[in-house]
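Coordinates in review
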Amino acid sequence: MQPFPAHEKIDRQVMGQESQTEGAAVSPEAFADMLARSSRALWCLAAAVLGRSDGADDVVQEAALTALGKLDDLVRVDGFEAWMGQIVRFTALNTRRRH
């Protein structure tokens, strides 16, 4: 299956080559692009875990800050949404526990 042109551009930017490889560093700019592509799904996940829409924006923002500090843990760019989704999920669970 061929990636969409936008994905291909980001993949090349992130990996610095035509095909994806494991273990390559992700730049903060590429992270921002991938986050923007996934933001709606991540917001929906946060709202679902919280059980309300209030606070979902804050959860995604807090998760993004956490993820920025863990960019070295992102092994495959094509798994970004799953990786980021786990961070959003745990952030939302922690937020729900505190409130």
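The structure displayed is predicted, hence computed values, not measured ones.

What follows covers the packing of aromatic side chains. This structure, assessed with the given rule, holds 2 aromatic pairs. Both rings, one in F31 and one in F80, keep their centres 5.7 Å apart while their planes meet at 80°; by these two values the pair is edge-to-face. One end of the pair, F31, is in helix α2 (residues 28-50); the other, F80, is in helix α4 (residues 80-98), with 49 residues separating them in the sequence. For the residue pair F31 and F80, the accessibility class agrees, reading buried in each case. Seen in terms of ring centroids, F80 and W83 are 6.1 Å apart; in terms of plane orientation they differ by 45°. Their pairing is tilted. Of the two residues, F80 and W83 both sit in helix α4, 3 residues apart, roughly one turn of that helix. On the basis of relative accessible area, F80 is assigned to the buried category, the value being 2%. Through successive ring pairs, a cluster of aromatic residues spans F31, F80 and W83. The ring of F90 carries R89 above its face, with NZ or CZ at 4.9 Å from the centroid.

With that out of the way, let us pick up the side chain of T91. In this structure, T91 sits in helix α4. Excluding its chain neighbours within four sequence positions, the residues that come into contact with T91 are V59, E62 and A63.

It is worth spelling out the nonpolar core at this point. Counting residues in hydrophobic clusters, the biggest one holds 25 residues, and the most contacted among them are V26, F31, L35, F80, W83, M84 and V88. Here this core takes 9 residues from α2, the largest share from any one element. The residues touching F80, leaving out its near neighbours within four places in the chain, are F31, M34, L35, S38 and L74.

As for its position among the elements, G55 is in the loop between α2 and α3 (56-68). Considered as a pair, G55 and W43 are 12 residues apart in the sequence and their alpha carbons are 9.6 Å apart.

For the rest of this paragraph, the subject is the packing of α2 against α3. Two elements in contact, α2 and α3, have axes whose closest approach is 9 Å; the angle formed by their N-to-C orientations is 130°. The pairing of α2 with α3 is recorded here as oblique in orientation. Between α2 and α3 lies a crossing whose hand is right-handed. For the pair α2 and α3, contact is made by F31, L35, L42, W43, A46, A47 and L50 and by A56, D57, V59, V60, A64, A67 and L68, respectively. Of the residues that constitute the contact of α2 with α3, the class distribution is 13 nonpolar, no polar and 1 charged.

As a further point, take the packing of α2 against α4. Where α2 meets α4, the closest approach of the two axes is 9 Å, and the angle between their N-to-C directions is 40°. Relative to α4, the element α2 lies oblique. Where α2 crosses over α4, the handedness of that crossing is right-handed. The segment α2 lies against α4, with F31, M34, L35, S38, A41, L42, L45, A46, V49 and L50 engaging F80, E81, W83, M84, G85, V88, R89, A92, L93, T95 and R96. By residue class, the composition of the contact of α2 with α4 is 15 nonpolar, 3 polar and 3 charged.

About the cut-offs
Residues numbered from 1 in each chain as written. Predicted model: local features only at pLDDT ≥ 70, side-chain atom pairs only at ≥ 80, totals over all residues. Heavy atoms only, no water. Phe/Tyr/Trp six-rings, centres within 6.5 Å; stacked < 30°, edge-to-face > 60°. Helix = DSSP H or I, 4+ residues; strand = E, 2+ residues; numbered from the N terminus. Buried < 20%, exposed > 50% of the residue type's maximum accessible area, 1.4 Å probe, protein only. Lys NZ or Arg CZ within 6 Å of the ring centre and 35° of its normal. Contact = heavy atoms within 4.5 Å. Core = buried A, V, L, I, M, F, W, Y, C linked by side-chain atoms within 4.5 Å. Axes fitted to C-alpha atoms, helices over the stretch in contact; angles between N-to-C directions. Parallel < 35°, antiparallel > 145°, perpendicular 65-115°, else oblique. Left-handed = near helix turned anticlockwise from the far one by under 90°. Nonpolar A, V, L, I, M, F, W, Y, C, P; charged D, E, K, R; others polar.

Shape descriptors only; they carry no functional weight alone.
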